[in-house]
Amino acid sequence: MSKSSVELNPEDFRCSSCKNYLSCSPIYLLPDGKDVCENCSLLNTDINPYRHLTLEKILANVSFLCENKKHGCPHTYKFGMLRQHNDNCKFVPIHCTFSKTFNCGWMGPIGQFSQHTITEHPSIVFSIAKFRIDLNCNKDDAFIVSNNDEFFLVRYVYNSNNFTLRYSIAFYGNVRTQLSRIQLTNEDDSNFMMHFKGCKPESYYDKILEADIASSLNLMECMKFLGNPTLVTISIDVPKIEST
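So, a few notes on the structure that sits alongside this text. These figures come from a predicted structure and were not determined experimentally.

**Quick notes on the sheet that holds strand S2 (residues 35–37)**
Taken together, the three strands give an open sheet; going across it, the order is S2-S1-S3, and neighbouring strands pair in antiparallel fashion. The sheet is open, and its two borders are formed by S2 and strand S3 (50–51), each paired with just one other strand. Both strand S1 (residues 27–29) and S3 contribute to a ladder of two bridges, which runs antiparallel. Bridge pairing in S3 places Tyr 28 opposite Arg 51.

Listed below in structure tokens is the structure:
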């Protein structure tokens, strides 16, 4: 049997420390001959691991089982594709995003969350990503946008003391890589509006509502261009999935 025809068993290639698959680079070789993933190599500060390039090349065509197989995922992924698979896997187990808001104990595959939200929490589901801010009042809110094949979370925090709006967009699978677009409109006079490049959508994860928000806009800098409004409407457009 030729070397190229040998089928490698992914179970033979797990990190000797955390036991996860060695399914992405870099892989490191310890002095004792054991292989570890990048995260575990950083824990061994007293040793100098070597990059195991040979093993990375050997594993280039190996298919690894999704870690959510136990939750029903039937798919595999190639070496180096773990992040891309996890970002779009519909079997990642999550808690209800609004568990605290509604005292909801739901937990299930991320692919079933849309139906759960539409059925159980319709008050926070909207067809477009649009919200209004009173520039004199603080606001901290989040809602779901569900429209055809689109399903994502919008979270925003407005601080009236410094006129700063922080916001984020998170997809429950089918994550986009393009930037979103944001429009500000004077609520009382729609002739005054501004357009900006928005934030890059991210992949949803549990406790996202408790995380810091990186993307921000200083609305004070926009006041004169918007006609010095009191109420501002914010509209967010997300990139569409390109058809193939």
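**Some words on the side chain of Arg 155**
Note on placement: Arg 155 falls in strand S11 (residues 150–159). An unpaired buried charge is present at Arg 155: no salt bridge exists, and Asp 140, the closest side chain of opposite charge, is 4.6 Å distant. Reaching out from Arg 155, the side chain makes a polar contact with the backbone oxygen of Leu 209 at a distance of 3.0 Å. In this structure, Arg 155 is in contact with Asp 141, Ala 142, Arg 166, Tyr 167, Ser 168, Ile 208, Leu 209, Glu 210, Ala 211 and Ile 213, ignoring residues within four places of it in sequence.

**Overview of the sheet that holds strand S9 (residues 130–134)**
What the four strands build is an open sheet, ordered S9-S17-S13-S14; its pairing is antiparallel. Since the sheet does not close on itself, it has two edges, and those belong to S9 and strand S14 (193–197), each with one partner. Strand-to-strand, the axes of this sheet are offset by a mean angle of 20°, without reference to chain direction.

**A closer look at the pattern of salt bridges**
Enumeration over the complete set of coordinates arrives at four salt bridges. A salt bridge links Arg 51 to Glu 56, with the nearest nitrogen and oxygen atoms 2.6 Å apart. Accessibility expressed as a relative area gives 43% for Arg 51, which makes it partly exposed. Owing to a relative accessible area of 9%, Glu 56 belongs among the buried residues under this scheme. Here Glu 187 and Arg 132 are joined by a salt bridge, their closest N and O atoms 3.6 Å apart. Pair noted here: Glu 187 is in the loop between strand S13 (181–186) and S14 and Arg 132 is in strand S9, with a separation of 55 residues, a long-range link. Given the relative accessible area of 34%, Glu 187 is considered partly exposed.

Conventions and cut-offs
Residues numbered from 1 in each chain as written. Predicted model: local features only at pLDDT ≥ 70, side-chain atom pairs only at ≥ 80, totals over all residues. Heavy atoms only, no water. Pairing = 2+ DSSP bridges. Helix = DSSP H or I, 4+ residues; strand = E, 2+ residues; numbered from the N terminus. Buried < 20%, exposed > 50% of the residue type's maximum accessible area, 1.4 Å probe, protein only. Lys, Arg positive; Asp, Glu negative; His and termini not counted. Salt bridge = Lys/Arg side-chain N within 4 Å of Asp/Glu carboxyl O. Polar contact = N/O pair within 3.5 Å; in protein donor to acceptor, adjacent residues only side chain to side chain. Contact = heavy atoms within 4.5 Å. Axes fitted to C-alpha atoms, helices over the stretch in contact; angles between N-to-C directions.

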